Amino acid sequence: MRKLLTDNRRERMSRGSITLFVSMLLLVLLGVIFAGLKSMRQAAARTATASALEQGLYSVFAQYDRELFEDYGLLFLDGGYGTSGLRLDEVLRETETYAEYILDPTKNNLTGGGNLLSIRLDRKNCSVTGYVLATDQENAAFRRQVCEQMKLQAGAELLKKISEGIYQDGEKADGLKKQAGTYRTENAQEYYDRDVAEGLCRPVPSLEQSGEGSGEVSAEEIAEGFGGNVVPVWENPLLSYRLLRGKGLLKLVFGENERGLSPKSIGAGELLSDREHALGMGMTPSKWEGPMEKLLIQEFLIEDFPCFQDGEQQKPLLYQAEYAIGGRRNDRDNLKLVLSKMQVLRAASNMIFLMTDPDKRAQADLLAAGISAGLLNPELAPVLAFAIRVAWAYGESVLDLQVLTQGGKIPLVKSAESWQLSIENIGRFTSAAGSERKSSRTGLEYRDYLRILLMGEGTDKLTGRIMDLTELNIRTHEGKKNFRLDHCIDAVNVEIGTDVGTNSYTAERSYGYDM
């Protein structure tokens, strides 16, 4: 009996020890499980915080300025949100709002659901810690986006062809102006002697030779010594030429149509370049790292902004490509400045042709002889011959501009076939333009000459004026009167905080249109 009782007692003690062991084991396992759950909750909270911030930034930057993209292919967030100030608080508020949809799926959810993490956005610990504006560091973000857009739009092969053509034309134009600059009035006798040596004209006769010792010399006798005819003073084309030049270039090029030129202008303070720009902070803008930056910016201007040939448009300025070169506040002055630069280039090219073409040299020498005979001063023939070439080159350049502004082509270097103005019409080149003006089958158009002129402009100045035009044009859209390019955001850095129970979490992310 005692043995039976002892065995029962031992069995009960064995069972109790097993129960205690299992209880302790379960306690340890539960501790591990709960620790794991807490760790997973913390990891989930961190992931949710980072994911919410990223999704918030994606959603904010998806609100890029539609007009800026549709008109120019540029992606910027309008940081002004329709106002005249930079609304970083609105950028942050939008980011927080979109982030909350990730943190709390039940937000505005009509179908129900639950927030398993019980995670809340801590708005007190949310802030914008950095941002990049379009105008930061010499407009780096704007320049980068322009280059990227033009590279996509034109393609590498086309850009290469354009680049080669523009650089060749630009170098040739510079060479023409330098060569023409070597022709000077003080060397007129040298040029005349060269023509004499080549048999293009006769030497200047002396008064003694012309009068054959009689003491009185007539104009006819001087002209006979030159082998030509007398040109009376009142028929001297150089006098008429001087009167024509006094009318002004626009009148010479457009005649009565000058009154139809655009009267549009912009007032003080209307341009981006008129004011101090807002500045970004805490971030460095991404710059264009590829080649041909100036060419890409130049083509952006030519392709996306109107010039004189585009006619009437609903723009603050009509001659916008000309503004990029001239920088004046009205269309008329910008067009005049551009045409003046084109005229200098065309006159230089024409002068070189007149100084090298034997037929034109002989014609100029013969006319000079007739004028000098009419003045009874044969010694003036060399100087007059040079002056005639200058006037002839100018008159031809005016006809060139008339052809270009009417959509025709003019070669950079003239030939006998492409020459227009006859020597008889030097003093009346405007009235004779209708019969002598002609477009060449090959050559450069108005926009090609604009490209050559743009090659002489600095990249910084050109970019600044394009930004002036961009801002002006965007403001013409409905609801965009307060648009400012220096409030356009290219990238931003945001930090947010969240709470899960007694624990707090933070995340910081950067996002932009180059990331």
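Just above sits the structure.
Residues numbered from 1 in each chain as written. Predicted model: local features only at pLDDT ≥ 70, side-chain atom pairs only at ≥ 80, totals over all residues. Heavy atoms only, no water.

Enquirer: In this structure, what is going on with the pattern of salt bridges? I would like to understand it.
Expert: Between side chains of opposite charge, a pair can form as their charged atoms come close. Under the defined criterion, the tally for this structure stands at 39 salt bridges. D499 is the partner of R120 in a salt bridge, and the nearest nitrogen-oxygen pair spans 4.0 Å. One end of the pair, R120, is in strand β2 (residues 119-133); the other, D499, is in strand β3 (residues 488-500), with 379 residues separating them in the sequence. Between E256 and R259 there is a salt bridge whose closest N-O contact spans 2.8 Å. Overlapping salt bridges, with partners in common, bring together R194, D195, E198, R361, D365 and R389 in one network. (Salt bridge = Lys/Arg side-chain N within 4 Å of Asp/Glu carboxyl O. Helix = DSSP H or I, 4+ residues; strand = E, 2+ residues; numbered from the N terminus.)

Enquirer: What's the story with the packing of helix α4 (residues 136-154) against helix α11 (residues 293-304) in this structure? I'm lost.
Expert: Angle between the axes and distance between the axes are the two parameters that describe a pair of packed helices. Here α4 crosses α11 at 75°, and the two axes come no closer than 9 Å. Relative to α11, the element α4 is oriented roughly perpendicular. The residues of α11 that touch α4, namely those facing F142, R143, V146, C147, M150, K151 and Q153, are E293, L296, I297, E299, F300, E303 and D304. Residues belonging to the contact of α4 with α11 are distributed by class as follows: seven nonpolar, one polar and six charged. (Axes fitted to C-alpha atoms, helices over the stretch in contact; angles between N-to-C directions. Parallel < 35°, antiparallel > 145°, perpendicular 65-115°, else oblique. Contact = heavy atoms within 4.5 Å. Nonpolar A, V, L, I, M, F, W, Y, C, P; charged D, E, K, R; others polar.)

Enquirer: Just checking my understanding: could you explain the packing of aromatic side chains for this structure?
Expert: Two numbers describe a pair of aromatic rings. These are the distance of the centres and the angle of the planes. In this structure the tally under the stated criterion is 16 aromatic pairs. Where Y241 meets Y394, the ring centres are 5.8 Å apart and the plane angle is 75°; that geometry is what we call edge-to-face. Of this pair, Y241 sits in helix α9 (residues 237-245) while Y394 is found in helix α15 (residues 381-405), placing the two residues 153 residues apart along the sequence. Both residues of the pair, Y241 and Y394, belong to the buried class. Judged by centre distance (6.2 Å) and plane angle (70°), the rings of Y394 and F429 are edge-to-face. Highlighted residues: Y394 in helix α15 and F429 in the loop between α15 and α16 (433-436), separated in sequence by 35 residues. By relative accessible area, which is 0% here, F429 ends up buried. One aromatic cluster is present, formed by Y58, F61, Y511 and Y513 through successive ring pairs. Against the face of Y64 rests R66, its NZ or CZ located 4.1 Å from the ring centre. For the cation-ring pair, R245 lies above Y394, with the distance from its terminal atom to the ring centre recorded as 4.1 Å. (Phe/Tyr/Trp six-rings, centres within 6.5 Å; stacked < 30°, edge-to-face > 60°. Buried < 20%, exposed > 50% of the residue type's maximum accessible area, 1.4 Å probe, protein only. Lys NZ or Arg CZ within 6 Å of the ring centre and 35° of its normal.)

Enquirer: Which parts of the structure should I look at to understand α15?
Expert: Three- or four-residue spacings in an α-helix give side chains the same orientation, since the helix completes a turn every 3.6 residues. Between the first and last C-alpha of α15 there are 36 Å, a value that for 25 residues agrees with the 36 Å anticipated at 1.5 Å per step. In terms of residue burial, α15 counts as a mostly covered element, since 22 of its 25 residues are buried. Looking one or two residues past α15, G407 carries a phi angle of roughly 95°, positive in sign. (Expected span 1.5 Å × (residues − 1).)

Enquirer: In this structure, what is going on with the pairing of strand β4 (residues 503-512)? I would like to understand it.
Expert: Residues in a regular strand point their side chains to alternate faces of the sheet. Across ten bridges, β3 lies against β4 in antiparallel orientation. Bridging across to β4, N493 finds its partner in S510. Joining the antiparallel neighbours β3 and β4 is a turn of two residues, in which G501 adopts a positive phi near 65°. (Pairing = 2+ DSSP bridges.)

Enquirer: Help me understand the packing of helix α14 (residues 358-374) against α15 in this model?
Expert: One way to put it is that α14 packs onto α15 with a least axis distance of 8 Å and a crossing angle of 125°. Considering the angle they form, α14 stands oblique to α15. Here the hand of the crossing between α14 and α15 comes out right-handed. Facing α14, whose interface residues are K360, R361, Q363, A364, D365, L367, A368, I371 and S372, α15 presents A381, L384, A385, I388, R389 and W392. Considering only residue class, the contact of α14 with α15 consists of nine nonpolar, two polar and four charged. (Left-handed = near helix turned anticlockwise from the far one by under 90°.)

Enquirer: What should I look at first to understand a nonpolar patch on the surface in this one?
Expert: On the surface, a nonpolar cluster with roughly 770 Å² of combined accessible area is contributed by F21, V22, L25, L26, L29, L30, I33 and F34. Checked against the element boundaries, L29 lands in helix α1 (residues 2-61). On the accessibility criterion, L29 (43% relative accessible area) is partly exposed. (Patch = residues over 30% accessible without salt bridge, like charges linked within 9 Å, V, L, I, M, F, W, Y side chains within 5 Å. Areas by Shrake-Rupley, 256 points an atom, 1.4 Å probe, with all protein chains shown as cover.)

That's the geometry; what it means functionally is another story.
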